[in-house]
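Secondary and tertiary structure notes
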Amino acid sequence: MINRQVNLIEIGKLVARTELFKSRLRMTQGFVCRVLNDHKNAYVSSSFGKDSVVLVHMLIQFRPNIPVLFINSNYCFPDTYRVRTDFVEKYQINLHEIRQPYDYMELIHEYGLPHERTRKQQGKVVDLIKKDLGNQWAHEHNMDCCFWGLRKEESKGRKALLNAKGRKYYNETKGLYFVSPLADWMWEDIWAYIAKYDVPFSEIYTKQMFCDPRQIRNTSWITTDGLEKNGRLQWLRHYYPDYFNRLVDAFPRISSYV
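Every chain is numbered on its own, with residues counted from 1 as its sequence reads. Only residues with pLDDT of at least 70 get local features here, since the model is predicted, and only at 80 or more are side-chain atom pairs given and counted; chain-wide, interface and lining totals rely on the full set of residues. In computing side-chain properties, one takes all heavy atoms of the structure into account and sets aside hydrogens as well as water.

1. Some points on the overall build of the chain
What counts here: Per the convention used, a helix needs a DSSP run of H or I reaching at least four residues, while a strand needs a run of E reaching at least two, with both numbered from the N terminus. Throughout, radius of gyration means the C-alpha value; the globule benchmark is 2.2 Å times the number of residues raised to the power 0.38. When a residue's accessible area, from a 1.4 Å probe over protein chains only, is under 20% of the maximum for its type it is buried; when over 50% it is exposed; and in between it is partly exposed. Residues are treated as being in contact if the distance between any of their heavy atoms lies within 4.5 Å. Surface accessibility follows the Shrake-Rupley procedure with a 1.4 Å probe radius. Residue values consider only the protein chains on display as shielding. Residues counted as positive are Lys and Arg, residues counted as negative are Asp and Glu, and His and the chain ends are not counted. By convention, the point assigned to a charge is CZ for Arg, NZ for Lys, CD for Glu and CG for Asp.
Along its length, the chain carries 10 helices and six strands. For the chain, the C-alpha radius of gyration of 18 Å lies close to 18 Å, the compact-globule estimate for 258 residues. Its C-alpha atoms put the chain at 50 × 45 × 35 Å along the principal axes. Evaluated residue by residue, the chain yields a buried proportion of 50% over its 258 residues. Residue pairs at least 24 apart in sequence account for 73% of intrachain contacts in the chain once pairs closer than 6 positions are excluded. Summed over all atoms, the accessible surface of the chain reaches about 12900 Å², with 49% contributed by carbon and sulfur. Separation between the mean location of the 38 positive side-chain charges and that of the 29 negative ones in the chain comes to 5 Å.

Spelled out as structure tokens, the structure:
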């Protein structure tokens, strides 16, 4: 069992004082301003995880009424919903919420648990629960540019995508520009920004037993990505026992991983 309690805000305060962070912040803010000047119909896709809250907060400093799109899976952690509400109340963000029309439990019965799927199956599920809904909303609202909080550090796949495409690229199939201002930011930079501007963030990141705090992801509680190696199920059973029991009741084979 890992019991590593890291004070995220104290780390953030220290990093926020460094010249490297200050320089990175200035460069990112300049990039955001240039993109916003080029795109009057831009929006930001947000999960209200740590990277998303930084990006949303940064964008509303320059365009307070920018649409914030939140795709509600109906299986988010309660902490996620609290942060969404905090942003609405504290910043009066222009929130657009889409409720997921597919029940994720049913999708799992059809396509398998996330860690069991083939790449093709996983791609299909991601399209159904995220990409198709977001793209449809963007076209219905005449959007031409999507900001999202992807960072290279998060995964090999994101690093490969961002290295190949850059921080801004055009997707002809979707008819949208995709912009990743935080592509080169490190985990410490994210917490530096949150600490510097007192940005609301999900409490899931303070629940640090059983896994490295850098590995905590703001996904739905039902996901099993990386199940075999990151202690996620032990984490879920400890901090959210009701959700863990619901997952085991629906998929008894889950208990063999704990």
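2. Section: the packing of aromatic side chains
Rules: Side-chain rings of Phe, Tyr and Trp, where Trp is taken by its six-membered ring, are said to pair if the distance between their centres is within 6.5 Å; with planes under 30 degrees apart they count as stacked, over 60 as edge-to-face, and otherwise as tilted. Either the NZ atom of lysine or the CZ atom of arginine qualifies as a charge over a ring when it sits within 6 Å of the ring centre and within 35 degrees of the ring normal.
Within the structure shown, the criterion is met by 19 aromatic pairs. Centroid distance Trp191 to Phe201: 5.0 Å. Interplanar angle 85°. Geometry classified as edge-to-face. With a gap of 10 residues between them, Trp191 in helix H8 (residues 187-197) and Phe201 in the loop between H8 and helix H9 (232-239) connect regions that are remote in the sequence. For Trp191, a relative accessible area of 1% gives the class buried. Connected via pairs of aromatic rings, a cluster forms that spans Phe48, Phe70, Tyr81, Phe87 and Tyr91. The ring of Tyr177 is capped by Lys168, whose NZ or CZ atom sits 4.8 Å from the centre of that ring. The positively charged end of Arg237 is found above the aromatic ring belonging to Phe244, 5.8 Å away from the centroid.

3. Quick word on the sheet that holds strand E4 (residues 145-147)
Our working rule: By definition, two strands form a pair when at least two bridges between them are found by DSSP. Comment: axis = line fitted to C-alpha atoms, over the contacting stretch for helices; angle = value between 0 and 180 degrees taken between N-to-C directions.
Pairing is mixed across the open sheet formed by six strands, whose spatial order is E3-E2-E1-E4-E6-E5. Both edges of this open sheet fall to strand E3 (94-99) and strand E5 (168-171), since each of them pairs with a single strand only. Taken pair by pair, the neighbouring strands of this sheet meet at an average axis angle of 30°, ignoring direction. Across three bridges, E4 lies against strand E6 (residues 176-179) in parallel orientation. Following the sheet pairing, Phe147 is matched in E6 by Val179. Strands strand E1 (42-45), strand E2 (67-72) and E4 of the sheet are contacted by helix H3 (residues 50-62), whose axis makes an angle of about 155° with E1.

4. Describing the pattern of salt bridges
The test is simple: We define a salt bridge as a contact between a side-chain nitrogen of Lys or Arg and a carboxyl oxygen of Asp or Glu at a distance within 4 Å.
For the coordinates displayed, the defined rule picks out 17 salt bridges. Across the pair Glu19 and Lys22 runs a salt bridge, and its minimum N-O distance is 3.8 Å. Of this pair, Glu19 and Lys22 both sit in helix H2 (residues 19-38), three residues apart, which is roughly one turn of that helix. By relative accessible area, Lys22 is classed as partly exposed at 34%. Put simply, Arg151 and Asp51 hold a salt bridge, and the shortest N to O gap is 3.1 Å.

5. Overview of the nonpolar core
Under the convention used in this document: Nonpolar core, defined: a set of buried Ala, Val, Leu, Ile, Met, Phe, Trp, Tyr and Cys residues in which side-chain atoms within 4.5 Å join the residues together.
If you look at the biggest cluster of nonpolar residues, it comprises 68 residues, and the most contacted ones within it are Phe87, Phe147, Trp185, Trp221, Trp235 and Leu236. Among the elements that line this core, the one with the most residues is H3, at seven residues. Beyond its immediate sequence surroundings of up to four residues, Phe147 is in contact with Val35, Leu36, Ala42, Tyr43, Val44, Ser45, Leu55, Leu59, Ile66, Val179 and Pro181. Counting residues in hydrophobic clusters, the runner-up holds 12 residues, among them Leu69, Ile98, Ala138 and Tyr169.

6. What about unusual backbone geometry?
Trans peptide bonds make up most of the peptide bonds, and negative phi angles are found at most residues other than glycine. Phi at Phe48 is positive, roughly 65°, even though this residue is not glycine. Positionally, Phe48 belongs in the loop between E1 and H3. Of note, the phi angle at Gln92 is positive, near 50°, even though the residue is not glycine. Along the polypeptide, Gln92 turns up in the loop between helix H4 (78-91) and E3.

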